[in-house]
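# Observations on the three-dimensional arrangement
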Amino acid sequence: DDGTVDLLWADFGLGDRVADYVSRVWRYVRPGGMLVVHSTLTNRRTREWTEAVRRGDGEGATGLPPGSYADVSLLEPHKRYQNSMTVVQKRVGSDGRPYREPLYSEYA
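These remarks concern the structure in this document. (Residues numbered from 1 in each chain as written. Predicted model: local features only at pLDDT ≥ 70, side-chain atom pairs only at ≥ 80, totals over all residues. Heavy atoms only, no water.)

### Regarding the pattern of salt bridges
Spelled out, the test is: Counted as salt bridges are all cases of a side-chain nitrogen of Lys or Arg within 4 Å of a carboxyl oxygen of Asp or Glu. Helix and strand assignments follow DSSP, with helices taken as H or I runs no shorter than four residues and strands as E runs no shorter than two, numbered in order from the N terminus. The rule is simple: take the accessible area with a 1.4 Å probe, protein chains only, and divide by the maximum for that residue type; under 20% is buried, over 50% is exposed, in between is partly exposed.
For the structure shown, the criterion picks out eight salt bridges. Close ionic contact of Arg47 with Glu51 constitutes a salt bridge, the shortest N to O distance being 2.9 Å. Separated by four residues within a single helix, Arg47 and Glu51 lie in helix H2 (residues 44-55), roughly one turn from each other. Classification of Arg47 as partly exposed rests on a relative accessible area of 33%. Its salt-bridge partner being Arg97, residue Asp95 comes within 3.4 Å of it at the nearest N-O pair. Residue classification places Arg97 among the exposed positions, given a relative accessible area of 58%. A single salt-bridge network, built from bridges that share partners, covers Arg47, Glu51 and Arg54.

Written as structure tokens, this is what we have:
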């Protein structure tokens, strides 16, 4: 066991501390793994972080090394509060090379 996780779910009130939290835990997400941050679109504090991630603002603003991730945000429109999440996938291996999913077959 190398101490990394496939999925890290952040489901608590990070507010304007998201970047600080992410900078401390990102090393524990394995290449290809996901960090999911809850309530990121309709909360002002976490939305600022989400927008910085989308722009690729860098570690100071996001806690994420530039070029090391792919992200997508999902909104639950039927809810007013705690209604979204942002999924960040680590796309760089521990050797610094791009992460690639394995191919196991040629046809479906």
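### Describing the sheet that holds strand E2 (residues 29-38)
Stated precisely, the cut-off is as follows: Between any two strands, pairing holds if DSSP finds at least two bridges. Every axis in this analysis is a line fitted to C-alpha atoms, fitted for helices over the stretch in contact. Angles between the N-to-C directions lie between 0 and 180 degrees. Note on contacts: a residue pair qualifies if any of its non-hydrogen atoms lie within 4.5 Å across the two residues.
Within the open sheet, the four strands sit side by side as E1-E2-E4-E3. Their pairing is mixed. On the outer flanks of this sheet lie strand E1 (5-10) and strand E3 (69-75), each paired with one strand and no other. Across this sheet, the average inter-strand angle for adjacent strands is 15 degrees, counted without regard to direction. Where E3 and strand E4 (residues 84-90) come together, seven bridges link them in antiparallel fashion. Bridging across to E4, Ala70 finds its partner in Gln89. Packing against the sheet, H2 makes contact with E2, E3 and E4, and its axis sits at approximately 140 degrees to E3.

### Things to note about the nonpolar core
Our working rule: Take the buried residues of types Ala, Val, Leu, Ile, Met, Phe, Trp, Tyr and Cys, join any two whose side-chain atoms come within 4.5 Å, and each joined set is a nonpolar core.
Val22, Trp26, Leu35, Trp49, Leu64 and Val88 are the most contacted members of the largest nonpolar core, which has 16 residues in total. Secondary structure elements with two or more residues in this core: E1, helix H1 (18-25), E2 and H2. Top element by residues in this core is H1. It accounts for five residues. The contact partners of Val22, leaving out residues within four places of it in the chain, are Leu35, Trp49, Thr62, Gly63 and Leu64.

### Considerations on H2
The condition that has to hold: Each residue after the first adds 1.5 Å to the expected span of a helix. Summarising the geometry, the arc corresponds to the directions from the helix axis toward the C-beta atoms.
With 12 residues, H2 should cover 16 Å at 1.5 Å per step; its first-to-last C-alpha distance of 17 Å lies within 8% of that length. Those residues of H2 not exposed but buried are Thr46, Trp49, Thr50, Ala52 and Val53. Taken end-on, H2 shows its buried residues confined to a sector of 160 degrees, consistent with a single buried face. Opposite its buried face, H2 presents the exposed residues Arg44 and Arg55, each directed more than 90 degrees away.

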